[in-house]
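Per-entry structural report
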Amino acid sequence: MGLVLLLLAGKLTVMTSTDALLFNPNTYDPQHFDAETRRLLRATIEWFESRGKVRLLADDADAVWTADFLDFVKKERLFATFLTPAAHADGDPNRRWDAARNAALSEIFGFYGLAYWYAEQVTILGLGPIWQSDNATAKKRAAADLAAGEVMAFGLSEQTHGADIYNTDLVLTPTEPGSADAEAGILFRANGSKYYIGNGNVASMVSVFSRRADIEGADGYVWFAADSRHENYHLLGNVVHQQMYVSTFRLEDYPVRAEDILHTGPEAFSAALNTVNVGKFNLCHGGIGMVEHSFYEAITHAHNRILYGKRVTDFPHVRTNFVDAYARTVAMKLFSDRAVDYFRSASLEDRRYLLFNPMTKSKVTSEGETVMTLLLDVLAAKGFEKNTYFAEVQRLINTLPRLEGTVHVNVGQILKFMPNYLFNPKDYPEIGTRRDAADDEFFWRQGPARGAGKVQFADWAPVYEKHSDIPNVARFYEQAQALRTLLATAAPDAEQQLDLDFMLTIGHLFSLVVYGQLILEQAAITGLDRDLIDQIFDFQVRDFNGYATTLYGKPSATAAQRDWAIAALRGPAADRGRFDRVWSRVESYDGAYEMRP
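Residues numbered from 1 in each chain as written. Predicted model: local features only at pLDDT ≥ 70, side-chain atom pairs only at ≥ 80, totals over all residues. Heavy atoms only, no water.

Quick notes on the packing of aromatic side chains
Let me state the cut-off plainly: Two rings belonging to Phe, Tyr or Trp (six-membered ring only in the last case) form a pair when the distance between their centres is within 6.5 Å. Interplanar angles under 30 degrees mark stacking, angles over 60 mark edge-to-face geometry, and anything in between is tilted. We count a charge as sitting over a ring when the NZ of a lysine or the CZ of an arginine lies within 6 Å of the ring centre and within 35 degrees of the ring normal.
Summed over the entire model, instances satisfying the criterion amount to 52 aromatic pairs. Sitting over the ring of Phe 315, Lys 310 keeps its end group 4.9 Å from the ring centre. In this structure, Arg 352 is placed above the aromatic ring of Tyr 428, and the distance from its NZ or CZ to the ring centre is 3.8 Å.

Okay, structure coming up:
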């Protein structure tokens, strides 16, 4: 494998692979970002590479808390720069909330270790109720704490209720008028426990969801900021044995003052959901980084191993797994990068992000699991060896679809958008690529968390029609149209609509249509070649077949629905030449990247 010289943006860039679609720390130089963003991203990469693979893997195996990483974050003011909205940046032009560069940082963190991604992820969640609030004091404190290198936490989940925001056992008891507490400015005393709270061991501000003891229902909800260093904050321990500190803590008569209150009443409910909207968006790029690093290890190992006198990669089933894994990884990136544009361009008049957001959470992260299974089927025993990053990822990749709500919860959300998406399009101005250095302030004024069923979308069909000269796009487009036919002629009846198991299958079929739309949009923007688009929609066709077959087998499926399932099946368009050309791209990654020892 030789070096390939690419002329990019007027500069000669040396690549170690014939394909630059996957993140490679050795060649990464995001010219579309400003100078300080590029410096910080490169500094982050260098910090991990300087630590070296042996140290990173040992820290993971020994569940070493990421204190040294947080020292780096403090030194470089990394979280302060990336996670402070411009309105609270004291005029620093580098400090802003920019979803494009946050996505890039998430990918880098995932590439080197989920624990590092997690420290930022739960800081993002903890900041959500703060930045959305009208509490100027809390916002100023959060900005100052970030600048000082502190991290945040999101105190929503409980051991009994999970993330059920309709129920919480952390209770605020109002202080008695005229009491010593009241004279001291203490409005409430908080009592109760939280569970599954990342960074809960060190967070300077823990956004805590609670309810008032004296008010029933939604009017009694309260978000307030607590400090893990306070004497009435009792850290009970880490509920997992990992580098990530997923804490459980208990508040005992914790004093809550006016300056700690973030949201009250129904607004607190919306703040919880809107925070999760922001937070779960980062799961996709973290998962992408994880599978990219694993892919490098897998192809380099398999392509240089000899079995029965042949390279492992000469076996047809091995090549099939690698091509599928590569195509799925590229599709994950295409969808997620395009979703960034919609998220950054969102407004109260354009809430399409509310669909694409749970898609990044449920579909993209689930694809990460699929990629790792494909690669593990090739590596077998090697995939469990302690000296590989692959072993760490295959142990942790299944956490991402199950964080910030399970796949089932998110597919349930996705179903709310299906009628308008498929049948009721609306004209919107075209959304371009959003890599500009803008502050995404809409994240903090998303409005009430309701009305998903009223959100409309641009017509999804034209982008499919535009690419229908590509064989597998054309076949998948037939299946997408067939889904619309199913809902128009044999839609789930009232009883089936109450059967979540049945409806989740419909949701997965619908997700594939949405997935394909943004993949094609981003493919057009990036000029992705036809071979790879065709290979991506090869698996899209196969996946649609799988869910259609599942629908056929549902006990409650009607005869018309079973007939539909059979009629919707399509064989992907086989093309040996295309497959071999994509395989050549995969093969070029042999030795393209290996982490420093």
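The structure having been displayed, the exposition proceeds.
A look at the domain arrangement of the protein
Keep this limit in mind: These domain limits were set by an automatic method or by a database of domain assignments. Only heavy atoms matter for contacts: two residues are in contact if any of them lie within 4.5 Å across the pair. Note on terms: buried area is the combined drop in 1.4 Å-probe accessible area of two parts once they are placed together, counting the loss on both. We define a salt bridge as a contact between a side-chain nitrogen of Lys or Arg and a carboxyl oxygen of Asp or Glu at a distance within 4 Å. Polar contacts here mean pairs of N or O atoms no more than 3.5 Å apart (in protein, one a potential hydrogen donor and the other a potential acceptor; neighbouring residues in sequence count only if both atoms are side-chain atoms). Helix numbers and strand numbers start at the N terminus; a helix is a DSSP run of H or I with at least 4 residues, a strand a run of E with at least 2. Nonpolar residues are Ala, Val, Leu, Ile, Met, Phe, Trp, Tyr, Cys and Pro. Charged residues are Asp, Glu, Lys and Arg, and all others, Gly as well, are polar.
For the protein, the assigned domains are domain 1 (21-294) and domain 2 (407-426 + 449-596). Using C-alpha coordinates to define each centre, domain 1 is positioned 34 Å away from domain 2. Listed by partner, the interface residues are 19 residues for domain 1 and eleven residues for domain 2. Considering only the surface of domain 1 that becomes buried against domain 2, Leu 21, Glu 49 and Lys 53 emerge as the three largest contributors, covering 38% of it. Here Arg 596 and Glu 49 are joined by a salt bridge, their closest N and O atoms 3.9 Å apart. Here domain 1 and domain 2 share eight residue pairs in polar contact (both at pLDDT 80 or more) between them. Elements supplying a minimum of two residues to the side of domain 1 that touches domain 2: α1 (35-51), α2 (53-61), α5 (99-112) and α9 (266-280). Partitioned by chemical class, the residues of the side of domain 1 that touches domain 2 number eight nonpolar, seven polar and four charged.

Comments concerning the nonpolar core
Selection criterion: Throughout, nonpolar core names a set of buried Ala, Val, Leu, Ile, Met, Phe, Trp, Tyr and Cys residues whose side chains join them through atoms within 4.5 Å. Each residue is assigned to one of three classes by its accessible area relative to the maximum for its type, calculated with a 1.4 Å probe on protein chains only: buried under 20%, partly exposed between the two thresholds, exposed over 50%.
With 176 residues, the main nonpolar core has Phe 69, Phe 322 and Ile 536 as its most contacted residues. Counting residues per element, this core draws most heavily on helix α11 (residues 316-344), at 15 residues. Mapped onto the domain boundaries, this core takes at least three residues apiece from domain 1 (21-294) and domain 2 (407-426 + 449-596). For Ile 536, the residues in contact, after removing those within four places along its chain, are Ala 327, Val 330, Ala 331, Leu 334, Ile 519 and Leu 528. Formed by 18 residues, the second largest nonpolar core is a distinct cluster that contains Ala 153, Phe 224, Val 256 and Ile 261.

Quick notes on the packing of helix α20 (residues 530-552) against helix α22 (residues 576-587)
What counts is decided by this rule: Fitting a line to C-alpha atoms yields each axis, with helices limited to the stretch in contact; the angle taken between N-to-C directions then spans 0 to 180 degrees. Under this scheme an angle from 65 to 115 degrees is roughly perpendicular, one under 35 degrees roughly parallel, and one over 145 degrees roughly antiparallel; angles in between are oblique.
The contact between α20 and α22 brings their axes to 9 Å, and the two run at 105°. Relative to α22, the element α20 lies roughly perpendicular. Only Arg 578, Phe 579, Arg 581, Val 582 and Arg 585 of α22 make contact with α20, whose side of the interface consists of Asp 531, Leu 532, Asp 534, Gln 535 and Asp 538. Counted by class, the contact of α20 with α22 contains three nonpolar, one polar and six charged residues.

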